[in-house]
Amino acid sequence: MTATTLMNPEPSSAPQALEAPEPANLLTVEGLRVSFPGEEGMVDAVRGVDFSVDAGEIVAVVGESGSGKTVSALSLLGLLPKQAKVEMDRGIIAGEDLTKARESALRAIRGRKVGVIFQDPLSSLNPVQRVGHQIAEAVTVQNGLRRSQARDRAVELLEQVGIPDPERRYRAYPHEFSGGMRQRAMIAMALVSEPSLLIADEPTTALDVTVQAQILDLIRRLQQELNMGVLLITHDLGVVAGTADRVVVMRRGEVVERGSTADILERPREQYTKDLLAAVPRLDEESHQTIRESDGGEILKVSDLRVDFGKVRRFRPEKSNLISAVNGVDLELGKSRTLGLVGESGCGKTTLGRAIIQLTRPTDGQVEIGGASLSGLSDKALRPLRTEFQIVFQDPQASLNPRFTVERILAEPLDMHDLVPGGPAEKRARIVELLELVGLGREHLKRRPHELSGGQRQRIGIARALAVEPELIVLDEAVSALDVSVQAEVLLLLQRLQEELGVAYLFIAHDLAVVRQISDEVAVMYLGRIVETGPVDKVYRAPSHPYTAALLSAVPVLSTERRRERIVLKGDPPSPGNIPPGCPFQNRCWLREKLGNPEICTTTRPDLTPAIDDMARSSACHFSGDVTASLPPESVPTADSSGATS
Amino acid sequence: MASFIFKRVLATVAVLFFASVIAFLLLRISPGDPARQVLGPQASAQAVEKLRDQMGVNDPLPKQYVDYMGDILQGDLGISWRTRIPVKDELTTRIPATLELGLYAIALSIILAIPLGVLAAGSRRWIDRSSRVFAVVGLGTPPFWLGLVLILVFFTWLAIAPPPFGRLSEGYLPPPHVTGLYTVDALLAGQINTFFNALAHLALPAITLGLPLAAYLSRIMRRSTADVFRLDFIRTARAKGASERRVMFRHAMPNAMLPVLTLSALYFGELLAGSLLVEAVFGWPGVGGYVSESVLAQDYAPVQGAILLGALTYCLLNLGADLLYGVVDPRIRTSKS
Amino acid sequence: MTDHRERSRWNPKEMWRAIDRAGMKGVTIAIIIFIAVAFLGPLVWTDSPTQVNLEDAVKAPSLAHPFGTDEYGRDVLARFLGGAKLSLIVGVCSVLAAALIGMVIGSIIGLVGGFTDGVIGRMLDGILAFPALIMGMALALAIGPGALAAGLAVAITGIPWYARVVRSEVLSLREREFIDAERALGASRRHIIIRHLIPAVTGGVAVQASLGVAYAVLAIAALGFIGLGVQPPTPEWGAMITEGRTYLTSGQWWMSIIPGFGILALVTISILFGEALRDHLDPHGKLHF
């Protein structure tokens, strides 16, 4: 590491000889070791890790799952389960010696000198207490203020972290907050006594990309206002690139490499760091898809598809709570091609995918797969057709029956459709063939899902879908739950399978970079509607809907020019139960603001219409021609001006 | 919130309907002839038949049910043919005795179970082990047998307990009736001796009745607390710098009590069954004793009345627990489904 | 082909190792001992449990009668062994019946949902308002006291518990993606129920059933104790406690106290087995069964 910038933590330490005083050291830890009791003795989660944070800097600890990054951070404050064994050679937080600290001393540090925010803001808030009370509690604990004073301070903090209408929001319960607001509330709680150090454990992992941009902005703003040091734990190198000053790369409980953000991202020394960087899907790189002309035929045709949830009240229609999760969608997908479907959580992309393969029955509209209309078919009539289309789910753990062996899982589709004539030997041969197709082998036949890694499990899910030799596979966030290096492998596998088998993919994802890498075309979804579609490179280079532009702008990219101007959308995606008249995007639209709030946006709903100059592209914006021209410079990393490879 | 309450109440009404049908049917399908029982073996067949008509035994079952429920809603639970006393009157005089016993048993079990359950959920293994032994033995001990063992030890061998019969020893008069709970009434009247005598009589039955309840409560309390301590917001509370005591009482307990609440209400039926046995063992003049005597004498009216009363109380208690759950947990009362 | 896993299913040594790994060695041994005592005991200790011998009445434990004799001079040990067998058989049979019926009802209402679920659910709640003892009393009046009434009471009052466990598991399973994956493959509803749902709920039902046996044994003994259970002279623990009760205050304790230990042992073993099974199947305490 770049020489332990050790300083006496006392403020009255030896005066600095040279010009600017070195920033105060907030956190130094050396030789940190953490182990947990396992089935056979202690299991080491962290083995001898050093890092430090100075005042006013953001230090990121990055690593894939199992790298020990979260455990390292939480162990410092005694926030791990009691069974954990924590040791260190040296450990100083804000002047307190951790090696000698007992629980009571650690408690005095927590909240007062070090604030912490966690990954999942919903489960991290007490569900039965009002959000305001939870912040006020922190105020009481830390500052010993009286109730009314604590309340005022809590309202002030809510305002400071950008929660609108804080007086009213003070009384809300966590479940009434959106994900972004919950994380803001967590930040407010961590800032109660203006700590000098903030530990942020995957603070944006559970959030949508536009909300992630807001939260990262907020953390940076507060960090500068309060001159805090921040220890940022993350798996996302994009987040690191735009946020951190220094980076520590961890793997399997050890530090692999450390250095300034620019050094790590641009001049990595260790092979692991290089591999990690190479595995990150790049938003600013051309699609890896080999350009193939579609052979003309279409595998999927969706027209005016609607899926409604909720109840219609016959006698009190005003009380009906009907929600259109998918609200009039048209899609086409050519044989052996990939359509990426992107959108934030709640936009209806998963429902659309499920409705296409009739797992959720559409309320209205047509779905044709391979020329056969699926609408109105009974479950029984659908069954033989299901060999044409399959689905792979997000969570490979949940989508495999935990009791079944791999062999049984893969035998199910074969038995169901009588796909293998002959005896058990032939069937087994076919199963092994399927395993080999997805890069596994005979040795996995007798394993059960929990004996496989996440990537292996997802490969089984893919093999199961392939067993019936479908023409179309819906990949519903199929790589989202995987570590970035595993994700890269699975993406390559999917591309290879497409080339070998000619299967078409509907690739549903929230990660725009992944979509660019694998898709031929892209469709962007917002509030149950498609707002833009077109060939992926064209859309990414020159978006013609303001929402697409905002999504692209919000994605953190692997480049260190960190103060890139961004389009940061205000607010959260609204719920599909409450759509404004006119353009559904109007209340978050940056373009409408820029154009001086034209009236048409609030009165007329824009339809998805082909562009004048390019029939392959469509956009649902009254001002689709103005989008690219109105973009702030450099705000969209993929735009032509940023010099993407031609 | 209003629709939440409405739905719960509606569900409770449905449950009560089914419970009353069950209680009604159970005693109507029995082979004995109630008219014959009232009139005795010497009565003529005509007299029996006439009474059967009067009693409505010859009516079709649905009509009998409607008539019966109509009577009950007017407060008429029928007459015991054995004592010729209206069931309602007998129950009114006996309920305070059962209530007093039940309240002491519940108080005892809460005092024992909550700390035991919470401590057991903590990190110290030996506390968990011993609380588990207590719980399993407490749940496994038949209450009637435990009562007998207590009588053997404390009355027969050690002779420190009063004789296992009634609520007061001979020579003591019941205190002036206010609540019907002798310990409370005695204190209200300033009769300290009566108070201690009543308490001494309560001790063994209350322990007998309270022990299985304490065992049950401590187990669900332990599991519930342990579950809550695994949740993320406990870590958040610690990260705020809250003391362990604060984490426990402000964050863990309110969440841990939620399942305990509903599961305790479900146990109420067992408490009633237990009090029936314990009252039989200790000659306690409560509802349970009345029911077991009536059952053995094939005296249907009291049995049916008591069973219905028990089922009603059970349903209302569970409704109360559900509503309380809704008050404590905002997610329940605002969820639309 | 090396097929360790499937061959091992029939290997007692491997099974024992699995029990050991699950932390259920002690309680399994206890169960085996109890069953052996109940079924082999009467073959070893051949005194008749019903032979009246007034000369030997109310004798304290001795070599000839290790548990003493009762008021009719019957050997308490022989009656104790008879009671063990009876409790075990009636308890286990009634619980099996309840579990089976409850499982069927629970999976139906869990799958169908909606109005059916609401109505049947409230009916089951209605049954829950009656503890087994009360139900047993009423049934004893209706069809006459005996093993049938007692077992029936335990079975009927048990059904809602199993139905609840199965219903909630079916509901949570229905949301699991592997069920969706099966549907996407074209599996019929029957296939999903038989191949996926039923195997998945058996664990929860087994835990509930094991705790149910404990509850059943207690209820059957309680019915015997108030005189509405299995009728004399058949040896039954609850009835034995009542019969010996009058002698208790004069210090002749063995007639009442000894059968109680039998109940305590059987109930404790059932609870421990159920808890051990639950801890094994659900180590993180996600389910509340």
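A quick note: this is a predicted structure, and the numbers were derived from the prediction, not measured.

**Side note on the interface of chain B and chain C**
- Tallying the contact residues gives 49 residues for chain B and 52 residues for chain C.
- On the surface where chain B and chain C come into contact, there are two salt bridges.
- The salt bridge involving Glu275(C) is made with Arg132(B); its shortest N-O contact spans 3.1 Å.
- Counting across the chain B and chain C interface gives six residue pairs in polar contact (both at pLDDT 80 or more).
- For the side of chain B that touches chain C, the secondary-structure elements that each account for two or more residues are helix H1 (2-28), helix H6 (125-140), helix H7 (143-157), helix H9 (192-229), helix H11 (244-282), helix H12 (287-296) and helix H13 (300-328) of chain B.
- When its residues are assigned to classes, the side of chain B that touches chain C shows 37 nonpolar, six polar and six charged.

**Here's the deal with the domain arrangement of chain B**
Residue and element names in this part refer to chain B.
- Per the domain assignment, the segments making up chain B are domain 1 (2-73) and domain 2 (96-336).
- Just the C-alpha atoms count here: the centres of domain 1 and domain 2 sit 32 Å apart.
- Contacts between the two partners involve 19 residues from domain 1 and, on the opposite side, 17 residues from domain 2.
- Summed over the shared surface of domain 1 and domain 2, the number is one salt bridge.
- With its nearest N and O atoms 2.6 Å apart, the salt bridge here joins aspartate 322 to arginine 8.
- Between the two partners, domain 1 and domain 2, sit three residue pairs in polar contact (both at pLDDT 80 or more).
- Breaking the side of domain 1 that touches domain 2 down by element, the ones donating at least two residues are H1 and helix H4 (61-73).
- For the side of domain 1 that touches domain 2, the residue count by class is eleven nonpolar, five polar and three charged.

**Focus: the environment of Ile19(C)**
Residues and elements named next belong to chain C.
- Residue placement: isoleucine 19 occurs in helix H2 (residues 12-21).
- The class for isoleucine 19 is partly exposed, based on a relative accessible area of 23%.
- Each C-alpha atom of the pair isoleucine 19 and glycine 146 lies 37 Å from the other, and the pair is 127 residues apart in sequence.
- With residues up to four places along the chain from it excluded, the contact list for isoleucine 19 reads Met24, Lys25 and Thr28.

**Considering a nonpolar patch on the surface**
All names here are of chain B.
- On the surface, Ile95, Leu99, Leu103, Leu309, Leu312 and Leu316 cluster together to form a nonpolar patch covering roughly 460 Å² of accessible area.
- Of all the secondary-structure elements, those providing two or more residues to the nonpolar patch are helix H5 (87-121) and H13.
- Summarising the element assignment, leucine 316 is placed in helix H13.

**Overview of the interface of chain A and chain C**
- Between chain A and chain C, the residue contacts involve 30 residues of the former and 21 residues of the latter.
- For the chain A face of the interface with chain C, the top three residues by lost area are Glu412(A), Met416(A) and Lys446(A), together amounting to 21%.
- Among the salt bridges present, the one from Arg354(A) reaches Asp180(C), with a minimum N-O distance of 2.7 Å.
- Scanning the region where chain A abuts chain C turns up twelve residue pairs in polar contact (both at pLDDT 80 or more).
- When residues in the side of chain A that touches chain C are grouped by element, the largest group, four residues, is from helix H13 (residues 406-416) of chain A.

**Overview of the domain arrangement of chain A**
Residue and element names in this part refer to chain A.
- Annotation of chain A at the domain level lists domain 1 (26-107 + 228-277), domain 2 (297-310 + 322-344 + 359-509) and domain 3 (520-646).
- On a C-alpha basis, the centres of domain 2 and domain 3 stand 30 Å from each other.
- Facing the 16 residues of domain 2 at the interface are 15 residues of domain 3.
- Of all residues in domain 2, the largest losses of buried area upon contact with domain 3 belong to Asn327, Val342 and Glu344, amounting jointly to 35% of the total for that side.
- Where domain 2 touches domain 3, the interface holds two salt bridges.
- Between arginine 588 and glutamate 344 there is a salt bridge, with the nearest N and O atoms lying 3.5 Å from each other.
- Here domain 2 and domain 3 share nine residue pairs in polar contact (both at pLDDT 80 or more) between them.
- Among the elements of the structure, strand E13 (323-334) and strand E14 (338-342) are those that each provide at least two residues to the side of domain 2 that touches domain 3.
- Ranked by the residues each element gives to the side of domain 2 that touches domain 3, the list is headed by E13, at eight residues.
- Considering only residue class, the side of domain 2 that touches domain 3 consists of eight nonpolar, five polar and three charged.

**Examining the nonpolar core**
- Counting 159 residues, the largest nonpolar core has Phe144(B), Phe130(C), Met137(C) and Ile263(C) as its most contacted members.
- Split by domain, the residues of this core number at least three in each of domain 1 (2-73) and domain 2 (96-336) of chain B.
- Filtering out sequence-adjacent residues up to four positions away, Phe144(B) remains in contact with Leu277(B), Val281(B), Ala221(C), Ala222(C), Phe225(C), Ile241(C) and Ile263(C).
- Grouped together as the second largest cluster of nonpolar side chains are 94 residues, Val34(A), Leu79(A), Ala138(A) and Leu191(A) included.

**A word on the sheet that holds strand E16 (residues 372-373) of chain A**
All names here are of chain A.
- In spatial order, the strands read E13-E12-E15-E16; together these four strands make up an open sheet with antiparallel pairing. Each having just a single partner strand, E13 and E16 make up the two edges of the open sheet.
- Two strands pair when backbone bridges link them, and strand E15 (residues 364-369) and E16 are joined in this way by two bridges, in the antiparallel orientation. What sits directly across from glutamate 368, in E16, is serine 373.

**Description of the pairing of strand E9 (residues 229-234) of chain A**
All names here are of chain A.
- Along E9, six of the six residues are buried, which leaves the element largely enclosed by surrounding structure.
- Every second residue of E9 is oriented toward a common face, with Gly229, Leu231 and Ile233 on one face and Val230, Leu232 and Thr234 on the other, all of them buried.
- Pairing geometry for strand E3 (residues 58-62) and E9, over five bridges, is parallel. Across the sheet, valine 59 pairs through a bridge with leucine 231, a residue of E9.
- Pairing of strand E8 (residues 197-201) with E9 involves five bridges; the strand directions are parallel. Considered in E9, the bridge of isoleucine 199 is made with leucine 231.
- Handedness of the E8-helix H7 (residues 209-226)-E9 crossover: right-handed.

**Looking at helix H8 (residues 177-185) of chain C**
- H8(C) sits mainly inside the fold: eight of its nine residues count as buried.
- For H8(C), the full list of buried residues reads Glu177(C), Phe178(C), Ile179(C), Asp180(C), Ala181(C), Glu182(C), Ala184(C) and Leu185(C).
- Turning to H8(C), the residues buried within the fold contact helix H11 (349-356), strand E17 (389-392), H13 and helix H15 (454-466) of chain A together with helix H7 (147-174) and helix H9 (189-225) of chain C.
- Looking one or two residues past H8(C), Gly186(C) carries a phi angle of roughly 100°, positive in sign.

**Considering the environment of Val484(A)**
All names here are of chain A.
- Mapped onto the elements of the fold, valine 484 is located in helix H16 (residues 484-501).
- Separated by 210 residues in sequence, valine 484 and lysine 274 place their C-alpha atoms 13 Å apart.
- Each residue touching valine 484, except ones within four places of it in the same chain, is listed here: Glu64, Leu276, Ala279, Val280 and Pro281.

**What to know about the side chain of Glu182(C)**
- Mapped onto the elements of the fold, Glu182(C) is located in helix H8.
- The buried charged residue Glu182(C) lacks any salt bridge, with Arg464(A) as its nearest oppositely charged partner at 4.7 Å.
- Excluding its chain neighbours within four sequence positions, the residues that come into contact with Glu182(C) are Glu412(A), Met416(A), Ala187(C), His191(C), Ile192(C) and His196(C).

Conventions used here
- Residues numbered from 1 in each chain as written.
- Chains lettered and ligands numbered in written order.
- Predicted model: local features only at pLDDT ≥ 70, side-chain atom pairs only at ≥ 80, totals over all residues.
- Heavy atoms only, no water.
- Contact = heavy atoms within 4.5 Å.
- Salt bridge = Lys/Arg side-chain N within 4 Å of Asp/Glu carboxyl O.
- Polar contact = N/O pair within 3.5 Å; in protein donor to acceptor, adjacent residues only side chain to side chain.
- Helix = DSSP H or I, 4+ residues; strand = E, 2+ residues; numbered from the N terminus.
- Nonpolar A, V, L, I, M, F, W, Y, C, P; charged D, E, K, R; others polar.
- Domains from an automatic or database assignment.
- Buried < 20%, exposed > 50% of the residue type's maximum accessible area, 1.4 Å probe, protein only.
- Patch = residues over 30% accessible without salt bridge, like charges linked within 9 Å, V, L, I, M, F, W, Y side chains within 5 Å.
- Areas by Shrake-Rupley, 256 points an atom, 1.4 Å probe, with all protein chains shown as cover.
- Buried area = accessible area lost by both parts, 1.4 Å probe.
- Core = buried A, V, L, I, M, F, W, Y, C linked by side-chain atoms within 4.5 Å.
- Pairing = 2+ DSSP bridges.
- Right-handed = clockwise from strand over helix to strand, strands pointing away.
- Lys, Arg positive; Asp, Glu negative; His and termini not counted.

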